[in-house]
Each structure stands twice: as structure tokens, then as C-alpha cells.
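These are the residues of each chain, in order.
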Amino acid sequence: MGWRDLLTKEEKTVVLPWIGSRSLHFENQRWRLNGTAPAEHGWYEFHLENRRATLVAVAEANSEYLRCTSTGYLVGNRFVPDKVGVKE
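An account of the accompanying structure is given in this report. This structure is a prediction, so every number in the text was calculated from the model and none was measured.

Rolled over the atoms, a probe sized like a water molecule indicates the empty space that remains. Empty space within the largest pocket amounts to approximately 660 Å³. Every residue lining the largest pocket is counted, 17 residues in all, and those nearest its centre are I19, S21, S23, L24 and H25. For the lining of the largest pocket, the secondary-structure elements that each account for two or more residues are β1 (12-18), β2 (23-26) and β7 (78-81). No other element matches β2, which puts 4 residues into the lining of the largest pocket.

This is the structure we're talking about:
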């Protein structure tokens, strides 16, 4: 097994939340946003191909992704979960 076997070869269209970065996280993978970013935060339909995500259209919220809750706090533009510890 080489590195080429780990590349995603299939194309798919998904509805995901966009929160202001140039990358999307879906199914334990990171997708780089290709082209123009959405004008504001919200739910959008993206076309995923070759580790790149392209904006397709505005979409309704996908309730499948709203079933878990995370608690924590914001540090700058990053989310730090409550269960994170730092070893000295």
C-alpha cells in the first residue's frame, strides 16, 4: 500500500456548515476550499473532489450533523474542549 492508495478518488456533494476558514472537515478528512468562499457563516452545499471543496449553493441545515454537543471555550479563533489537558 502506497500513498496513492490513500487519496480520495470519488466525487460527492454534501451539505456542511461553513464557519469562516478555507478548509472543511468531513468524515475525518480535511477538504481545502477551492474558489470563492461563502459571504457569511451558514450551511452550504459543497462539491468534494480530489481533496478540494467547491461551493455549490446555499442549503438548509443538515440535522444529521447536529446530534452531538461539545463544551469548551474559544481561544482566538480556535475551540478548546473542556476535556483537554496540558502536560508539563
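Before going further, it helps to spend a moment on the environment of T36. The topology assignment puts T36 in the loop between β3 (29-34) and β4 (42-49). For T36, a relative accessible area of 63% translates into the label exposed. Between the C-alpha atom of T36 and that of T54, which follows or precedes it by 18 residues, the distance is 8.1 Å. Leaving out residues up to four positions away in the same chain, T36 has contacts with R22 and L55.

Taking strand neighbours across the sheet as the criterion, the 5 strands line up as β1-β4-β5-β3-β2 in an open arrangement whose pairing is mixed. Each edge of the sheet is formed by a strand with only one pairing partner; in this case those strands are β1 and β2. On average, adjacent strands in this sheet sit at an angle of 45 degrees to one another, irrespective of strand direction. Summarising the sheet, β3 and strand β5 (residues 52-58) pair through 3 bridges and their orientation is parallel. Residue N34 lies in a different strand from β5, and its bridge partner there is T54.

Reading the values: the criteria
Per chain, residues are indexed from 1 in the order of the written sequence. Confidence filtering applies because this is a predicted model: local features only for residues at pLDDT of at least 70, side-chain atom pairs given and counted only at 80 or more, and all residues used for totals across whole chains, interfaces and linings. Side-chain figures throughout are based on the complete set of non-hydrogen atoms in the structure, without hydrogens or water. The pocket and cavity definitions rest on a 1 Å grid over protein atoms only: a 1.4 Å probe that fits but cannot leave marks a cavity, an open set with protein on both sides within 12 Å along at least five of seven lines marks a pocket, and residues lining either have an atom within 4 Å of a point. Grid points are joined across faces, edges and corners, and a volume is the space filled by probe spheres set on the points. Helix and strand definitions follow DSSP, with helices as H or I runs of at least four residues and strands as E runs of at least two, each counted in order from the N terminus. Exposure classes here rest on a 1.4 Å probe applied to the protein chains alone. A residue is buried below 20% of its type maximum, exposed above 50%, and partly exposed in between. The contact definition used throughout considers only heavy atoms, calling two residues in contact when any of these lie within 4.5 Å. Any two strands with at least two DSSP bridges between them are considered paired. Lines are fitted to the C-alpha atoms to define the axes, a helix being fitted only along its stretch in contact, and any angle between axes, read from their N-to-C directions, falls within 0 to 180 degrees.

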